[in-house]
Number of protein chains: 2
Amino acid sequence: MKICIDGFGGDNSPLAVLQAATQSAKELNIEIVITGNEKELKKTAEENNIALSNITFADAASVISVDEEPNKILKEYKDSSMAVGLKLLADNEVDAFVSAGSTGALIFGSTFIVKRIKGVKRPVISVSIPGKSGYYTLLDCGANSECRAEMLVQFAKMGSIYHKAIFATANPKVGLINIGTEETKGDTLRQEAFNLLNEEKNLNFIGNVEARDLSDNICDVAVCDGFMGNVLLKMTEGLAHLFMGSIKDIFYKNFLTKLSALMIKKQLKDFKKKFDYKEVGGTPILGVNGVVIKAHGSSDAKALKNAILQAKKCVENNIIENIKKKLNDIDIVDKD
Amino acid sequence: MKICIDGFGGDNSPLAVLQAATQSAKELNIEIVITGNEKELKKTAEENNIALSNITFADAASVISVDEEPNKILKEYKDSSMAVGLKLLADNEVDAFVSAGSTGALIFGSTFIVKRIKGVKRPVISVSIPGKSGYYTLLDCGANSECRAEMLVQFAKMGSIYHKAIFATANPKVGLINIGTEETKGDTLRQEAFNLLNEEKNLNFIGNVEARDLSDNICDVAVCDGFMGNVLLKMTEGLAHLFMGSIKDIFYKNFLTKLSALMIKKQLKDFKKKFDYKEVGGTPILGVNGVVIKAHGSSDAKALKNAILQAKKCVENNIIENIKKKLNDIDIVDKD
């Protein structure tokens, strides 16, 4: 398997990329292609004593920054580290592409360089969020501000395939985020989407779900429009930050509270790990004709490694082929 | 001041109502009117040795349950404990009305019995949520699933008046919840609302805000449509529940962790208090021609007492008169 990673995407590139790439190549037994200025990449590797085994480079002259208009990836930045990686994926030279660069440019580039899977109305960003007893996958997290009901149905299908690939859940439960669980709840979009989802035979649709039950893992895949999903995701981030900060405050009060923290050091570490986005890696852009993973802009080597692992799982589980089948309502038969 | 409370609203009525009423009458030095079956109320008071000083009753033959169609409050349940209270408020017999009963019926009844303030397009539910350095007020939390831009502007005005009355914030900062802070972000509704809000001179509008910054108290009043607000509120509840549960799990592991919990008992209590909805009381239904407070269905006496206190603050601060002025763009001059 050959996974490509953007050498100049994210705040900690290129060093974190080089570290993640070498470790992944070794541990996951895969080949890694790093895009970007080859000279600079090699220099950084040398300066940091990084041995480049099973690593190759795909030279790219420029970098598209997060402040740049996303559509510039097609012309002005067609030689950027991101565009070069997407082109390799489109040409089947690599099996997946990972980038911690501009989200907008990655969605735009994925849509127009890798191109949509036939029949897919819109690509979608999905994020897996920790709940009480495991992760649930929320989508759309921001690719499409305004959605039609049939788009939500496709999100549900793609989300199911992805969630199953990453978390090995046999038949992911799909919920439609709404303001109540009754069939008739919500606005026109929700009511239409409910009816369409309810008709899908190859989908484990459990009906409307309320946001308060997401953390209790009421469903594995939670579907909503991109405006709602983006706001919910950011609300989750903000609240996690608030709670983590409040817990820190509890223990930093005095000698006794600091001693108390020492006594539950392991538990606090587990707690922090449970809510750490770096554990999942990145978020896939689903609906395009290849595995594309968007890693967080502030990703360190560990987060990038997890994003590469995530890409590997997507490839191993044939998510692209399975999405094609699911969209055409063909039964997917598991190998195992 | 005379505050009316629904004797048969909420899971813990009528006992919790009687307890809250007697304590409030004494501590806040106000008169309380309790609606509902007078015989049953007096019997419950007697059985529980509750002395009824400064308490009067307004007899009501029925109770409208949460499962009932809200509009039935006008006909089938016009003699319910909720309808009787709303009628007293409409007739200026009392200064405010508090109920832990059906949200739908209370909104419907407030709108058609107490009636809207002239010029108000739609009543709105606002909830004050704890952030890092105090509460912020989120509205609409579910009264209006589909909103127009001018409704959001009215929400902003009413939310400002209310937030100022309850939290004594001089000039509440108003934010529009969006998927980015730039002016041009979001869907049509957000873009239109942004432009309208930006033109308001008597509003401290700070622009678009992201949900992740709400917990950091980036604004005092956060405005969105009722669908979004309802989902955000429930998400907040779900996440708070998840975090509280996770913290409990940390300390219930073994002897050492339990000992550790003992050492930070006070801090844990403060932490819990900070995120306890009972501390705020209830949520006002803004835009109707009288102070109406919806208390949580599971409210205990403490929560109901806080809801009564909240109603008192609204009356003391003339929120109805101030909303009328603000909607007509008349400067509100503080007495102090």
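Look a little higher up for the structure.
Every value quoted in this text rests on a predicted model; they were computed, and no experiment measured them.

Some words on the packing of helix 5 (residues 149-167) of chain B against helix 10 (residues 301-316) of chain B
Residue and element names in this part refer to chain B.
Then comes step 1: As a packed pair, helix 5 and helix 10 sit with axes 9 Å apart at the nearest point and diverge in direction by 115°. With respect to each other, helix 5 and helix 10 are oriented roughly perpendicular. In this structure, helix 5 crosses over helix 10, and the sense of that crossing is right-handed. Mapping the contact onto sequence places Tyr162, Ala165 and Ile166 in helix 5 and Gln310, Lys313 and Cys314 in helix 10.
Then comes step 2: Taken together, the residues that form the contact of helix 5 with helix 10 break down as 4 nonpolar, 1 polar and 1 charged.

Quick notes on a nonpolar patch on the surface
Then comes step 1: On the surface, Phe255(A), Leu256(A), Leu259(A) and Leu262(A) cluster together into a nonpolar patch covering about 430 Å² of accessible area.
Then comes step 2: Following the sequence through the fold, Leu256(A) ends up in helix 8 (residues 255-263).

Things to note about the relation of the copies chain A and chain B
Then comes step 1: With an RMSD of 0.0 Å, the operation that places chain A on chain B is a rotation of 180° combined with a shift of 0.0 Å along the axis. Such values leave the two copies arranged in the relation of a two-fold axis. Relative to the rotation axis, the closest C-alpha in chain A is found at Ser260(A), a distance of 2.3 Å.
Then comes step 2: Taken together, the interface assignments show that 100% of the residues at the interface of chain A recur at the interface of chain B, consistent with an identical surface on both copies.

Some details on the interface of chain A and chain B
Then comes step 1: Taken together, the 51 residues of chain A in the interface contact 52 residues of chain B.
Then comes step 2: Regarding the contact of chain A and chain B, the summed buried area is about 4600 Å², with carbon and sulfur atoms giving 75% of it.
Then comes step 3: A per-residue breakdown of the area chain A buries against chain B is headed by Phe227(A), Met235(A) and Phe243(A), which together make up 16% of the total.
Then comes step 4: Across the contact surface, chain A and chain B share 4 salt bridges.
Then comes step 5: Counting every contact that joins chain A to chain B gives 8 residue pairs in polar contact (both at pLDDT 80 or more).
Then comes step 6: Elements with a contribution of two residues or more to the side of chain A that touches chain B: strand 5 (124-131), helix 6 (188-199), helix 7 (226-251), helix 8 and helix 9 (265-274) of chain A.
Then comes step 7: Counting residues per element, the side of chain A that touches chain B draws most heavily on helix 7 of chain A, which supplies 19 residues.
Then comes step 8: Here the residues of the side of chain A that touches chain B sort into 25 nonpolar, 15 polar and 11 charged.

Section: helix 11 (residues 319-327) of chain B
Along an α-helix, residues three or four apart share an orientation, since each turn contains 3.6 residues.
Residues and elements named next belong to chain B.
Then comes step 1: Burial in helix 11 covers these residues: Ile319, Ile320, Asn322, Ile323, Lys326 and Leu327. One side of helix 11 holds all its buried residues, which, seen down the axis, span an arc of 165°.
Then comes step 2: A positive phi of about 60° marks Asp329, the residue just after helix 11.

Observations concerning the sheet that holds strand 8 (residues 204-209) of chain A
All names here are of chain A.
Then comes step 1: Strand order in the open sheet formed by 11 strands is 3-2-1-4-11-10-5-6-9-7-8, and the pairing between neighbours is mixed. The sheet terminates laterally at strand 3 (55-59) and strand 8, the two strands that pair on one side only. Pairs of neighbouring strands in the sheet enclose a mean axial angle of 25°, with direction left out of account.
Then comes step 2: In terms of strand pairing, strand 5 meets strand 10 (residues 282-286) through 2 bridges, oriented antiparallel. Of the residues in strand 10, the one forming a bridge with Val124 is Leu286.
Then comes step 3: Relative to the sheet, helix 10 (residues 301-316) contacts strand 1 (2-6), strand 2 (31-36), strand 4 (96-99), strand 10 and strand 11 (291-295), its axis offset from that of strand 11 by approximately 160°.

Observations concerning the sheet that holds strand 1 (residues 2-6) of chain B
Residue and element names in this part refer to chain B.
Then comes step 1: If you trace the 11 strands from one edge of the open sheet to the other, you get 3-2-1-4-11-10-5-6-9-7-8, paired in mixed fashion. A strand with exactly one partner marks an edge of an open sheet, and here the two such strands are strand 3 (55-59) and strand 8 (204-209). Each strand of the sheet is rotated relative to its neighbour by a mean of 25°, with strand direction disregarded.
Then comes step 2: Judged from the 3 bridges that link them, strand 1 and strand 4 (residues 96-99) form a sheet pairing that is parallel. Directly across from Ile5, in strand 4, lies its bridge partner Val98.
Then comes step 3: Those strands touched by helix 10 are strand 1, strand 2 (31-36), strand 4, strand 10 (282-286) and strand 11 (291-295), and its axis lies near 160° from that of strand 11.

Rules used throughout
Residues numbered from 1 in each chain as written. Chains lettered and ligands numbered in written order. Predicted model: local features only at pLDDT ≥ 70, side-chain atom pairs only at ≥ 80, totals over all residues. Heavy atoms only, no water. Axes fitted to C-alpha atoms, helices over the stretch in contact; angles between N-to-C directions. Helix = DSSP H or I, 4+ residues; strand = E, 2+ residues; numbered from the N terminus. Parallel < 35°, antiparallel > 145°, perpendicular 65-115°, else oblique. Left-handed = near helix turned anticlockwise from the far one by under 90°. Contact = heavy atoms within 4.5 Å. Nonpolar A, V, L, I, M, F, W, Y, C, P; charged D, E, K, R; others polar. Patch = residues over 30% accessible without salt bridge, like charges linked within 9 Å, V, L, I, M, F, W, Y side chains within 5 Å. Areas by Shrake-Rupley, 256 points an atom, 1.4 Å probe, with all protein chains shown as cover. Salt bridge = Lys/Arg side-chain N within 4 Å of Asp/Glu carboxyl O. Least-squares fit on C-alpha atoms with pLDDT ≥ 70 in both. Buried area = accessible area lost by both parts, 1.4 Å probe. Polar contact = N/O pair within 3.5 Å; in protein donor to acceptor, adjacent residues only side chain to side chain. Buried < 20%, exposed > 50% of the residue type's maximum accessible area, 1.4 Å probe, protein only. Arc of directions from axis to C-beta. Pairing = 2+ DSSP bridges.

In short, geometric facts, not functional conclusions.
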